[in-house]
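Tertiary structure, described
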Amino acid sequence: MALRLEVFELTAPEPAIVVTDAVALEEGRQASYEEGYRAGWEDAVKARSEEEARLQADLARNLQALGFTFREARMHVLRGIEPLMEALVGHILPDLARQMLAPVVLETLMPLADGMSEAPVTLLVHPSARGCLERLLDGAVALPLVIHDEPSLDEGQVSIRLGAAETQVDLDRAVADIAAAVRSYFDLTQQEVRHG
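Residues numbered from 1 in each chain as written. Predicted model: local features only at pLDDT ≥ 70, side-chain atom pairs only at ≥ 80, totals over all residues. Heavy atoms only, no water.

**Topic: the sheet that holds strand E4 (residues 165–170)**
Our working rule: Should DSSP find at least two bridges between two strands, the strands are regarded as paired. Helix numbering and strand numbering both begin at the N terminus, where a helix is a DSSP run of H or I of at least 4 residues and a strand a DSSP run of E of at least 2. Axis angles are defined between N-to-C directions and span 0 to 180 degrees, where every axis is a line fitted to C-alpha atoms and, for a helix, only to the segment in contact. By definition in these notes, contact holds between two residues if any of their heavy atoms fall within 4.5 Å.
Spatial ordering of the open sheet is given by E2-E1-E3-E4, a layout of four strands whose pairing is mixed. Looking at strand neighbours, the two that pair on one side only are strand E2 (145–149) and E4, the edges of this open sheet. Each adjacent strand pair in this sheet contributes to an overall mean axis angle of 20°, direction not counted. In the sheet, strand E1 (residues 121–125) pairs with E2 via five bridges, with the strands oriented parallel. In the sheet register, Leu-123 faces E2, and the bridge partner there is Ile-147. The strands touched by helix H2 (residues 127–137) within the sheet are E1, E2 and strand E3 (157–162), with E2 carrying the most contacts at an inclination of about 165°.

**A look at the packing of aromatic side chains**
Worth spelling out the cut-off: Centres within 6.5 Å make a pair out of two Phe, Tyr or Trp rings, where for Trp the six-membered ring is used; the pair is then stacked when the planes are under 30 degrees apart, edge-to-face when over 60, and tilted otherwise. Only protein chains enter the calculation, and the probe is 1.4 Å; a residue is then buried if its accessible area is under 20% of its type maximum, exposed if over 50%, and partly exposed in between.
Within the structure shown, the criterion is met by two aromatic pairs. Between Tyr-33 and Tyr-37, the ring centres sit 6.2 Å apart and the planes meet at 25°, which makes this aromatic pair stacked. Of this pair, Tyr-33 and Tyr-37 both sit in helix H1 (residues 22–114), four residues apart, roughly one helical turn. On the basis of relative accessible area, Tyr-33 is assigned to the exposed category, the value being 55%. Centroid distance Tyr-37 to Trp-41: 6.4 Å. Interplanar angle 20°. Geometry classified as stacked. You can see Tyr-37 and its partner Trp-41 sitting in helix H1, four residues apart, about one turn around the helix.

**As for the pattern of salt bridges**
Counted only if it meets this: The rule for a salt bridge is simple: a side-chain nitrogen of Lys or Arg has to be within 4 Å of a carboxyl oxygen of Asp or Glu.
A complete count under the given rule lists seven salt bridges for this structure. Its salt-bridge partner being Glu-26, residue Arg-29 comes within 3.3 Å of it at the nearest N-O pair. Within this pair, Arg-29 and its partner Glu-26 are both found in helix H1, separated by three residues, close to a single helical turn. With a relative accessible area of 41%, Glu-26 lands in the partly exposed category. The salt bridge partner of Arg-48 is Glu-52, with a shortest N-O separation of 3.1 Å. Note that Arg-48 and Glu-52 are positioned in helix H1 at a spacing of four residues, about one turn of the helix. Residue Arg-48 is classed as exposed on the basis of its relative accessible area of 57%. Given a relative accessible area of 37%, Glu-52 falls into the partly exposed group. Several salt bridges share partner residues, and in doing so they unite Glu-51, Arg-54, Asp-58 and Arg-61 into one network.

**Quick look at the pairing of E1**
Successive residues of a regular strand alternate their side chains across the two faces of the sheet. Of all five residues making up E1, five are buried, and the element is well covered by its neighbours. Neither face of E1 is left uncovered, since the one carrying Val-121, Leu-123 and Val-125 and the one carrying Thr-122 and Leu-124 both have all their residues buried. With four bridges joining them, E1 and E3 adopt antiparallel strand pairing. Across the sheet, the residue bridging to Val-125 is Val-158, located in E3.

**What to know about the environment of Leu-88**
Within the fold, Leu-88 resides in helix H1. Counting along the chain gives 91 residues from Leu-88 to Ala-179, while the straight-line C-alpha distance between them is 9.0 Å. Every residue in contact with Leu-88, bar those within four places of it in the chain, is listed here: Leu-93 and Pro-94.

The structure is reproduced here in C-alpha cells:
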C-alpha cells in the first residue's frame, strides 16, 4: 500500500473587513472608562478603609502604651515622695502643730472677746504647752484668762471653757488624721499597682 500525502495549498486568507459604528465605538469606550473608574474607586475606598483601620489600631495601641507609661511614671513619683511624706507627717507636722498651738488658741479666743462679760476664760493645757501659751496670750487678748495645767491632755490639745460652754483645740488629732489620710493614700496606690 502506497503512502498518500494530503496536499495543502497555500492561499492567502481573505482580509476580514470590520465595519464599526462610531457611536458604538464611543459607547464601548465610555463603558470601559466607567468600569475602570469604578474599579479604581472601589480599590481606593478599600485601601483607605484598610489604612484607617491600621491607623486606629496603631493609635489605640499607642494610647494604651501611653496610659501604661503614665501610670508607671505616676507610681514611680509616688514611691519617690512617700518617704518624704512619711517624714513630713511623722516629724515635721507634729513639731509645726506644737508651734501653732498658741496661735490657733488665740484665733479661737478673738471672736469670744467681742461678746464677753467679765467672766474669765479657762484654758486647760498640757504643762509643757503652758509657757508658750502664756507668752503669746499675755497682752494679746483683752480677756480675763485663767490657765490650768491638765496632764491628761496631749501637748497639742487645749480645752477652752467659758461658763458652761467648752471648745476643744486638738492639733494632735488633726495631725493624726492627716497622717492617716497620707498613709491611706499610699496604701491605695500600692493596691492599685498590685491589682492593675
